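# Descriptive structure summary
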Amino acid sequence: MPIDRQADRVILQHPKGSSAEILFYGATVISWKSGSIANPQSVERLFVSGKAAVDGSKPVRGGIPVVFPCFGAPTHPEHSKLGQHGFARSETWTFDSVVMDNEAGISVKLTLEPKASITAKYEKPFQLAYVVTLAEHQLSTDLHVKNTGLSTSPPLAFQALFHNYIRANSSEVVVTPLKSLTYYDKTEPNEQLRTKVEERDLVDVKNFTDFVYQNAPGTYEVTSPTSKVEIKTKNFKDVVVWNPQQEGTKIGDMEEGGWEKYVCVEPGFVHGFVALPAGETWIGQQVLTAKL
Ligand code: TA6
């Protein structure tokens, strides 16, 4: 049974051995197991904290949380009633359909539309669709944002990001290519000094890292001695790299030492806002490929 639909999640099982598990809560991918051409043995590629809530009581600490319509603390007036990272990751999405189910891949679609828990804090007209596709060595996630307003409505202003927790030893993993990119260093105590230029060929996260890279290349490699995941994106002009290191002890649902087991590499449109005209749809896509 390649698609196992349960009450709170759907599990995709590829005939070649890879699998993915998606909670309807937050449309959060909480597991992606995959082999690679180099090593066919299917292994877990994402990190989920052992203290993560997966019962819908709070956003999942790990996997691939969907961030919409704002990244971080809200800065746009239309988002003023929202919490950190918006509402998409903390609302229950609807299982819409099986988009594809064959040797090439298994694809399912979830949707999220205005409902009381959202309209109480966000009044703009929108429709979200999230398509997750599992292939032998790949997982892709596409976020479709539609401005469902009348033709006379103003553009929909939003940010969007996939908050990927890529499983890796945080003392060994490096992210490339980020050299020469301008980034905002959220760890810098002096606000005047937060805008920097990356000088490293190989960006590691051995120290507390919370960097928002702007106008990034769109394709990244997350490499450690025992694993490599490539992230290819469309329409995400920025990328965030985060690991709290010892700051992780302050995160209530972070398992002991959890920060040693992942790096967050988060493609997004987060510097500025998408301005989506009424009636139009914006699509942000990532394709994760297990290379090692
Ligand atoms: O994407 C990095 C970041 O914005 C960090 O600043 C940190 O707050 C992280 O997201 C986790 O945020 P959360 O709201 O899930 O605790």
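Residues numbered from 1 in each chain as written. Predicted model: local features only at pLDDT ≥ 70, side-chain atom pairs only at ≥ 80, totals over all residues. Heavy atoms only, no water.

Keep this limit in mind: UniProt positions are given in the numbering used here, feature names are shortened, and annotations may be inferred rather than shown by experiment.
If you look the chain up in an unreviewed UniProt entry, it shows as Glucose-6-phosphate 1-epimerase from Rhodofomes roseus. UniProt annotates the chain under Sequence similarities (unreviewed entry) with the comment "Belongs to the glucose-6-phosphate 1-epimerase family." In its Function (unreviewed entry) section, the UniProt entry covering the chain states "Catalyzes the interconversion between the alpha and beta anomers from at least three hexose 6-phosphate sugars (Glc6P, Gal6P, and Man6P)."

## With respect to the site of the ligand
Filter applied, for reference: If even one non-hydrogen atom of a residue comes within 4 Å of a molecule or strand, that residue is called near it. Residues adjacent in sequence count toward polar contacts only when both atoms are side-chain atoms; beyond that, a polar contact is any pair of N or O atoms within 3.5 Å, and within protein one must be able to donate a hydrogen and the other to accept it. What sets the accessible areas is the Shrake-Rupley method with a 1.4 Å probe; for residues, cover comes only from the shown protein chains.
All residues adjacent to the ligand are Arg61, Phe71, Gln84, His85, Arg89, His163, Lys186, Asp210, Val240, Trp242 and Glu266. With respect to the ligand, the side chain of His85 contributes an N or O atom lying 3.1 Å from an oxygen atom. A distance of 2.6 Å is found between an oxygen atom of the ligand and a side-chain nitrogen or oxygen belonging to Asp210. For the ligand, whose free accessible area comes to 390 Å², the fraction covered by protein is 83%.

## Focus: the sheet that holds strand E3 (residues 19-23)
Two pairing modes exist for strands in a sheet, parallel and antiparallel, and in both the strands are linked by backbone hydrogen bonds. What counts here: Strand pairing follows a simple DSSP-based rule, namely that at least 2 bridges must link the two strands. Here a strand is any run of E in DSSP of at least two residues, a helix any run of H or I of at least four, and the numbering for each starts at the N terminus.
Taken together, the five strands give an open sheet; going across it, the order is E1-E2-E3-E4-E5, and neighbouring strands pair in antiparallel fashion. Strands with a single pairing partner mark the edges of an open sheet, and in this sheet they are strand E1 (3-5) and strand E5 (43-44). Bridging between E3 and strand E4 (residues 29-34) involves four bridges; their strand directions are antiparallel. Paired with Glu21 across the strands is Ser31, a residue of E4.

## Looking at the packing of aromatic side chains
Under the convention used in this document: Put simply, two rings from Phe, Tyr or Trp (the six-membered ring, in Trp's case) pair if the centres are within 6.5 Å, and we call them stacked under 30 degrees between planes, edge-to-face over 60, tilted for the rest. With a 1.4 Å probe rolled over the protein chains alone, any residue whose accessible area is under 20% of its type maximum counts as buried; one over 50% counts as exposed, and the rest are partly exposed. We call a charge positioned over a ring when the NZ of a Lys or the CZ of an Arg lies within 6 Å of the ring centre and within 35 degrees of the ring normal.
As enumerated under the stated definition, the model contains 20 aromatic pairs in all. A centroid spacing of 5.1 Å and a plane angle of 75 degrees characterise the contact between Phe162 and Phe236, whose relative ring orientation is edge-to-face. Highlighted residues: Phe162 in strand E11 (residues 156-162) and Phe236 in the loop between strand E19 (227-234) and strand E20 (238-243), separated in sequence by 74 residues. When sorted by exposure, Phe162 lands in the same class as Phe236, which is buried. Aromatic ring contacts, followed pair by pair, group Phe68, Phe87, Trp93, Tyr122, Phe126, Tyr130, Phe158, Phe162, Phe236 and Trp282 into a single cluster. In this arrangement the basic side chain of Lys237 is found over the ring face of Phe269, its NZ or CZ atom lying 4.7 Å from the centre.

## Comments concerning the environment of Ser97
So the rule is basically this: Any two residues whose heavy atoms approach within 4.5 Å at even a single point are treated as in contact.
Within the secondary structure, Ser97 is located in strand E7 (residues 94-102). On the accessibility criterion, Ser97 (23% relative accessible area) is partly exposed. Through-space distance from the C-alpha of Ser97 to that of Leu110 is 7.2 Å; in sequence the pair is 13 residues apart. Not counting residues within four places of it along the chain, the set of residues in contact with Ser97 comprises Ser107, Val108 and Lys109. Polar side-chain contacts of Ser97 include one of 2.7 Å to the side chain of Asp96.

## A few points about the side chain of Ser49
Secondary-structure assignment places Ser49 in the loop between E5 and strand E6 (66-67). The exposure class assigned to Ser49 is buried, which follows from its relative accessible area of 4%. In this view, Ser49 contacts Arg61, Asp253, Met254 and Glu255; residues no more than four positions away in its chain are not counted.

## Description of unusual backbone geometry
Here the residue pair Phe68 and Pro69 is connected by a cis peptide bond, since its omega of 0 degrees sits within 30 degrees of zero. Structurally, Pro69 is set in the loop between E6 and E7. For the bond running from Thr176 to Pro177, omega is -15 degrees, close enough to zero to count as cis. Assignment of secondary structure puts Pro177 in the loop between strand E13 (174-176) and strand E14 (182-185). In this structure, Ser180 is a non-glycine residue whose phi angle is positive, near 80 degrees. Structurally, Ser180 can be placed in the loop between E13 and E14. Here the phi dihedral of Gln245 falls at roughly 45 degrees; this positive angle occurs in a residue that is not glycine.

## Some details on the UniProt feature "active site" (unreviewed entry) in the chain
With numbering aligned to this structure, UniProt lists the feature "active site" (unreviewed entry) at His163 and Glu266. Taking the farthest pair of C-alpha atoms as the criterion, the annotated set spanning 104 residues converges on one region, since that pair is 4.8 Å apart. Turning to its location among the elements, His163 is positioned in the loop between E11 and strand E12 (165-167). Given a relative accessible area of 7%, His163 falls into the buried group. Beyond its immediate chain neighbours, meaning those up to four positions away, His163 contacts Gly63, Ile64, Pro65, Val67, His85, Trp242, Cys264 and Glu266. Within the fold, Glu266 resides in strand E21 (residues 262-276). Not counting residues up to four positions away in its chain, the partners in contact with Glu266 are Phe71, Leu161, Phe162, His163, Asn164, Asp238, Val239, Val240 and Trp242. For Glu266, the side chain forms a polar contact with the side chain of His163, separated by 3.5 Å.

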